[in-house]
Amino acid sequence: MIPPPLLLRGARLLDPASGRNEVADLLVAERSIAAIGSALSAPAGARTVDAGGRLLLPALIDSCTFRTDIAAASAGGIATCLLMPDQSPPLDDPALIERAERLGKPRLWVRPLAAATRRLEGRELADLALMQEAGAVGVATGRQAIADSAVMLRLLRYAGGLGLVTVTHPEDPWLAAGAVATEGEMATRLGLSAAPAAAEAIAIARDLRLAALAGAPLHIACVTTAEGVDLVRAAKAAGADVTAATAPPYCLLSDMALAGYRSFARLSPPLRTEADRRAVVAGLADGTIDMLASRHDPRSSDEKRLPFADAAPGDAGAATLLALGLALVHAGALRLERLVEALTLAPARRFGLPGGRLEAGAPADLLLLDPDAPWRIDEDRLPGLAGNTPFDALPVQGRVALLVKGGDILVGEGPGG
Amino acid sequence: MASAATPKRFPHRHLLAIEGLPPEDLLFLLDAAEAFVETGRRPRKRDDRLAGLTQVNAFFEASTRTLLSFEIAGKRLGADVVNLVAAQSSLKKGETLLDTALTLNAMRPDVIVIRHDRSGAVELIARKVDCPVINAGDGRHEHPTQALLDALTIRRRKGRIEGLRVAICGDILHSRVARSNFHLLAALGAEVRAVAPPTLMPAGIAQLGVIPVTAMDEGLAGADVVMMLRLQLERMDGAFIPSTREYFATWGLTEARLAHAAPDVLVLHPGPMNRGVEIASSVADDIQRSAIAEQVEMGVAVRMACLDLLTRDRREAGS
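Keep in mind the model is a prediction, meaning the values are calculated, not measured.

## Digging into the overall build of chain B
When its secondary structure is counted, chain B shows 11 helices and 9 strands. Over its C-alpha trace chain B gives a radius of gyration of 19 Å, about what one expects of a compact globule, namely 20 Å for 319 residues. Projecting the C-alpha coordinates of chain B onto the three principal axes gives extents of approximately 55 × 50 × 35 Å. Here chain B holds 319 residues, and 58% of them are scored as buried. The contacts in chain B between residues at least 6 apart in sequence include a share of 74% that link residues at least 24 apart. Accessible surface, chain B as shown: approximately 13100 Å² in total, 54% of it carbon and sulfur.

## A look at the overall build of chain A
Looking only at helices and strands, chain A features 14 helices and 18 strands. Rg of the C-alpha trace for chain A: 21 Å, near the compact-globule value of 22 Å for 417 residues, within the 12% margin. Expressed along its principal axes, the backbone C-alpha trace of chain A runs to roughly 65 × 45 × 40 Å. Sequence-distant contacts in chain A: of pairs separated by 6 or more residues, those separated by 24 or more amount to 70%. By element, 51% of the accessible surface of chain A is carried by carbon and sulfur atoms, the whole surface being about 14900 Å². Side chains of chain A give 41 positive and 48 negative charges; the mean places of these two sets differ by 1 Å.

## Describing the pairing of strand β2 (residues 20–29) of chain A
Residues and elements named next belong to chain A. Where strand β1 (residues 6–15) meets β2, 8 bridges bridge the pair, whose relative direction is antiparallel. Bridging across to β2, Leu7 finds its partner in Leu27. Turn length for the β2-strand β3 (residues 32–37) hairpin, with the two strands adjacent in sequence and antiparallel, is 2 residues, and the turn residue Glu30 shows positive phi of about 55°.

## As for the domain arrangement of chain A
All names here are of chain A. By the assigned domains, chain A splits into domain 1 (6–56 + 361–411) and domain 2 (59–351). Measuring from the centre of the C-alpha atoms in domain 1 to the corresponding centre in domain 2 gives 26 Å. With 35 residues of domain 1 at the interface, the matching set in domain 2 holds 47 residues. Where domain 1 abuts domain 2, roughly 3100 Å² becomes buried across the two surfaces, and 69% of that area is made up of carbon and sulfur atoms. Counting the contacts that link domain 1 with domain 2 gives 1 salt bridge. Among the salt bridges present, the one from Glu379 reaches Arg305, with a minimum N-O distance of 3.4 Å. Between the two partners, domain 1 and domain 2, sit 13 residue pairs in polar contact (both at pLDDT 80 or more).

## Examining the packing of aromatic side chains
Residue and element names in this part refer to chain A. All chains considered together, the criterion is met by 0 aromatic pairs over all chains. The aromatic ring of Phe66 is capped on one face by Arg143, whose charged end is 4.3 Å from the ring centroid. The ring of Trp109 carries Lys405 above its face, with NZ or CZ at 3.9 Å from the centroid.

## Regarding the sheet that holds strand β1 (residues 54–59) of chain B
Residues and elements named next belong to chain B. Pairing in this open sheet of 4 strands is parallel, and the strands run β2-β1-β3-β4 from one edge to the other. In this open sheet, the two edge strands, each paired with only one partner strand, are β2 (80–85) and β4 (133–138). Put simply, the sheet's adjacent strands are angled 10° from each other on average, direction ignored. In the sheet, β1 pairs with β2 via 6 bridges, with the strands oriented parallel. Its bridge partner being in β2, Ala58 is matched across the sheet by Leu84. Packed onto the sheet, helix α2 (residues 65–76) meets β1, β2, β3 (111–116) and β4 and runs at close to 180° relative to β1.

## Here we look at the sheet that holds strand β13 (residues 218–220) of chain A
What holds strands together in a sheet is hydrogen bonding between their backbones, with the strands either parallel or antiparallel. All names here are of chain A. The strand order β6-β7-β8-β9-β10-β13-β14-β15 describes an open sheet built from 8 strands, whose pairing is parallel. Both outer strands of the open sheet, β6 (60–65) and β15 (291–292), are each paired with one neighbouring strand and no more. Pairing of β6 with strand β7 (residues 78–83) involves 4 bridges; the strand directions are parallel. When the bridges of β7 are listed, Ile61 appears paired with Thr80.

## Things to note about the interface of chain A and chain B
Taken together, the contacts link 18 residues of chain A with 25 residues of chain B. When the buried area of chain A at its contact with chain B is split by residue, Thr188, Arg189 and Tyr261 of chain A rank highest and sum to 35% of it. Across the contact surface, chain A and chain B share 2 salt bridges. Joining chain A to chain B, the criterion identifies 8 residue pairs in polar contact (both at pLDDT 80 or more). At 4 residues, helix α6 (residues 185–190) of chain A tops the list of elements feeding residues into the side of chain A that touches chain B. Here the residues of the side of chain A that touches chain B sort into 7 nonpolar, 5 polar and 6 charged.

## Considering the packing of helix α4 (residues 149–161) of chain A against helix α7 (residues 198–214) of chain A
Residue and element names in this part refer to chain A. Contact geometry of α4 with α7 gives a least axis separation of 9 Å together with a crossing angle of 45°. Classified by the interaxial angle, the pair formed by α4 and α7 is oblique. In the packing of α4 onto α7, the handedness of the crossing is right-handed. Between α4, through Ser149, Met152, Leu153, Leu156 and Arg157, and α7, the contact on the second element is made entirely by Arg206, Asp207, Leu210, Ala211, Leu213 and Ala214. Broken down by class, the residue content of the contact of α4 with α7 amounts to 7 nonpolar, 1 polar and 3 charged.

## Observations regarding the packing of helix α12 (residues 321–330) of chain A against helix α13 (residues 336–343) of chain A
Residue and element names in this part refer to chain A. It is at 9 Å that the axes of α12 and α13 come closest, and there the two elements cross at 155°. With respect to each other, α12 and α13 are oriented roughly antiparallel. Crossing of α12 against α13: the hand is right-handed. Contacts between α12 and α13 involve Leu321, Leu322, Gly325, Leu326 and Val329 on the former and, on the latter, Leu336, Leu339 and Leu343.

## Here's the deal with α13 of chain A
Of all 8 residues making up α13 of chain A, 6 are buried, and the element is well covered by its neighbours. Considered for burial, the residues of α13 of chain A that qualify are Leu336, Arg338, Leu339, Val340, Ala342 and Leu343 of chain A.

## Quick look at the environment of Lys304 of chain A
Its place among the elements puts Lys304 of chain A in helix α11 (residues 301–304). For the pair Lys304 of chain A and Ala265 of chain A, spaced 39 residues apart in sequence, the C-alpha separation works out to 9.8 Å.

## Description of the pattern of salt bridges
Residue and element names in this part refer to chain B. Following the criterion strictly, the structure yields 46 salt bridges over all chains and no others. A salt bridge links Arg41 to Glu297, with the nearest nitrogen and oxygen atoms 2.6 Å apart. Within this pair, whereas Arg41 is found in helix α1 (residues 23–41), its partner Glu297 is found in helix α11 (residues 292–318), the two being separated by 256 residues in sequence. Arg41 gets classed as partly exposed once you look at its relative accessible area, which sits at 43%.

## Some points on unusual backbone geometry
The peptide bond linking Ser88 of chain A to Pro89 of chain A adopts the cis configuration, its omega dihedral lying at 0°. Tracing the sequence through the fold places Pro89 of chain A in the loop between β7 and α2 (94–102). Note the cis peptide between Gly271 of chain B and Pro272 of chain B, where omega equals -10°. Among the structural elements, Pro272 of chain B can be located in the loop between β9 (266–268) and α10 (281–284). For Tyr261 of chain A, which is not a glycine, the phi torsion comes out positive at approximately 55°.

Thresholds applied
Each chain carries its own residue numbering, running from 1 in the direction its sequence is written. For naming, the first written chain is A and the first written ligand is 1, with later ones following in the order written. With the structure being a predicted model, the display of local features is reserved for residues of pLDDT at least 70 and the display and counting of side-chain atom pairs for 80 or more, all residues being used for whole-chain, interface and lining totals. In computing side-chain properties, one takes all heavy atoms of the structure into account and sets aside hydrogens as well as water. Numbered from the N terminus, helices here are DSSP runs of H or I no shorter than four residues, and strands are runs of E no shorter than two. Based on C-alpha atoms, the radius of gyration is set beside the globule rule, defined as 2.2 Å times the residue count to the power 0.38. Here's how the labels work: a residue is buried when its accessible area is under 20% of the maximum for its type, exposed when over 50%, partly exposed in between, all with a 1.4 Å probe on protein chains only. Throughout, a residue-residue contact means that at least one pair of heavy atoms, one from each residue, lies within 4.5 Å. All accessible-area figures derive from a Shrake-Rupley calculation using a 1.4 Å probe, and residue coverage is judged against the displayed protein chains alone. Positive charges are assigned to Lys and Arg, negative charges to Asp and Glu, while His and the chain termini are left out of the count. Lys charges are placed at NZ, Arg charges at CZ, Asp charges at CG and Glu charges at CD. Any two strands with at least two DSSP bridges between them are considered paired. Each domain's extent is set by a domain assignment, obtained either automatically or from a database. Summed over both partners, the accessible surface that disappears when two parts come together, traced with a 1.4 Å probe, is what is meant by buried area. A pairing counts as a salt bridge when a side-chain nitrogen of Lys or Arg comes within 4 Å of a carboxyl oxygen of Asp or Glu. For the purposes of these results, a polar contact is taken to be a pair of N or O atoms within 3.5 Å, where, inside protein, one atom must be able to donate a hydrogen and its partner to accept one; residues adjacent in sequence count only when each atom of the pair is a side-chain atom. Between rings of Phe, Tyr and Trp, where Trp is taken as its six-membered ring, a pair exists when centres lie within 6.5 Å; planes separated by under 30 degrees are stacked, by over 60 edge-to-face, and by other angles tilted. Charges are assigned to positions over rings by a cutoff of 6 Å between ring centre and Lys NZ or Arg CZ, combined with an angular limit of 35 degrees from the ring normal. Lines are fitted to the C-alpha atoms to define the axes, a helix being fitted only along its stretch in contact, and any angle between axes, read from their N-to-C directions, falls within 0 to 180 degrees. We call Asp, Glu, Lys and Arg charged. Ala, Val, Leu, Ile, Met, Phe, Trp, Tyr, Cys and Pro are nonpolar, and the rest, Gly among them, are polar. We call two directions roughly parallel when the angle between them is under 35 degrees, roughly antiparallel when it is over 145, roughly perpendicular when it lies between 65 and 115, and oblique otherwise. Crossing handedness is read from the near helix: turned anticlockwise from the far helix by less than a right angle, it gives a left-handed crossing, and turned clockwise, a right-handed one.

As structure tokens, this is what we get:
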């Protein structure tokens with residue numbers, strides 16, 4: 001059933017695609033954006049929302065999530081997520097791709113990434129063309145890099161031939177084997193197995209070179225080190241077809257967060273040094289790092305309240321993605337327009353997705369935001385499957401006032417809110 | 001100065017790590033241990049100050065000497081000592097661990113001594129129980145009573161710790177003994193060297209206040225104390241050194257190498273020793289320079305002191 005028309009009056013529209021940043025009205029009809037302008041009149045039966053100058057953005061597109069977690073995504077203003085193939089079983093078959101896409105409906109657009117290799121074992125290519133036909137929007141190596149360079153080269157060539165972007169995990173698997181932290185003072189004090197930060201640069205350098213050889217598009221799933229940022233920046237300057245993402249913990253935390261064996265700070269890739277953190281923020285600010293992703297990985301306390309090395313890596317990041325991104329904006333480290341681009345247009349463009357822009361004819365995936373509304377992150381009350389956040393008790397700003405997906409109001413005033 | 005009528009206390013609930021303890025607390029522990037050395041040398045060694053208290057030794061990793069040492073220490077103080085030895089393989093023990101902690105806690109012990117093969121595991125358990133916890137070694141992190149017994153041995157032989165040159169040699173990467181000793185000896189004013197091949201030297205070691213040295217003879221030069229570490233082959237899942245033969249040839253402590261150290265050098269080893277791998281038998285058995293047997297004796301005294309001090313509050317509350 002098609003929802004009634006929706007008129008948002010007096011919102012500040014921020015749209016990186018058009019460069020629009022002005023107060024206007026926006027009309028939704030037939031699940032799409034019907035018109036943008038001033039003093040639009042409400043059609044018969046329309047619901048009208050007075051936006052009162054609040055920010056109206058395209059609904060967020062989360063370019064990396066490990067679990068389909070609708071409640072967490074909706075709370076975070078996310079209407080679309082790219083799902084990593086590390087599911088149980090791994091997404092290495094067209095039927096599994098179709099199923100993964102269905103599991104989000106109707107509240108979340110799940111755009112699956114095909115497993116690059118069968119069972120994600122890094123050896124034989126999976127049926128990439130069939131999965132593309134079934135709805136995969138890209139192909140990913142999953143939580144680990146492909147160790148065998150010959151397999152990686154074949155993958156890039158084959159996926160590139162299909163027009164699919166290859167998403168790679170940037171950690172040299174040999175160096176990273178068994179490591180739960182980054183080599184350095186903190187890991188030494190805590191007595192944790194550690195890998196050198198260069199494990200990232202080594203993986204990125206190899207994959208950039210292989211992608212150039214294959215003439216194929218490459219997306220680096222998570223850049224976390226200064227050296228990694230430099231490599232991506234240099235490759236882009238040389239004209240390489242490469243994009244990159246990072247996640248809020250790498251912009252806001254360093255490995256100091258591991259003190260006291262806080263297993264909620266056990267992430268993959270592991271947290272780095274303060275100098276790396278600053279370089280990642282700078283890379284995000286100047287567009288070297290295109291996207292900010294949640295890397296949402298909810299874990300039960302049974303999987304987290306363990307000795308550090310035994311705890312599952314990952315954090316629940318979907319519900320806090322926008323607020324933590326805004327923390328960088330409020331701190332003056334990032335322009336709001338750049339943040340919004342990293343959360344909407346950049347992934348839409350790279351993976352050929354609808355949405356991510358405010359223009360007539362685009363899907364009505366919208367986010368009305370109170371950018372200054374304060375709240376406190378609370379691991380016990382985080383929406384979604386689990387509350388394993390390294391940001392517990394952090395005061396943040398920015399609340400979702402209204403989330404619209406395909407014209408349906410998911411959060412805020414109206415049914416489902 | 002505190003008067004004799006108001007004895008100073010050890011102002012911590014648990015003993016989980018040396019890192020973070022100020023010098024006065026470390027000296028207080030050493031002084032307390034000193035008093036128990038004499039207790040252990042009497043024909044009748046019982047001192048019943050812990051009578052009626054239950055001490056649980058929960059060892060999740062194999063141990064012979066540390067477990068024995070804690071057991072003897074507890075028994076000499078009159079505690080009811082129970083050993084739980086549950087050495088497990090390294091994977092998938094997490095939930096069981098906290099469940100075990102809660103089970104132990106429900107039996108209302110008065111002190112728990114824990115060893116575990118994961119760094120941080122003892123602290124994790126300590127947060128879940130209502131009684132004092134003593135860390136008897138957690139992964140590669142810390143082994144505080146070992147560092148205390150090493151310091152007590154050194155102090156008794158050398159009369160001081162401040163200003164001594166101490167070379168800690170060998171497999172530093174995998175050693176919790178080394179980490180606890182770095183913190184303790186540096187806090188008490190020794191010049192501490194970490195002497196190891198580059199593959200067994202952890203990153204960022206200089207920030208711990210020790211001097212890294214990657215050549216054995218250079219590391220030993222003028223040393224007042226040489227502490228050899230056991231090569232932990234069981235913790236290595238890769239090629240850190242080519243062979244034990246080559247390791248002994250380049251890093252083993254022999255008479256010839258020891259000639260680089262001070263003439264009155266003191267040799268320590270936490271045990272169990274790999275003779276002919278990190279230390280030559282002639283050095284280990286040299287009663288003039290080796291204090292390896294004495295370390296074991298000091299271990300009991302240190303553990304008696306820790307058990308005594310950490311249970312003092314509840315003994316007073318219960319009396």
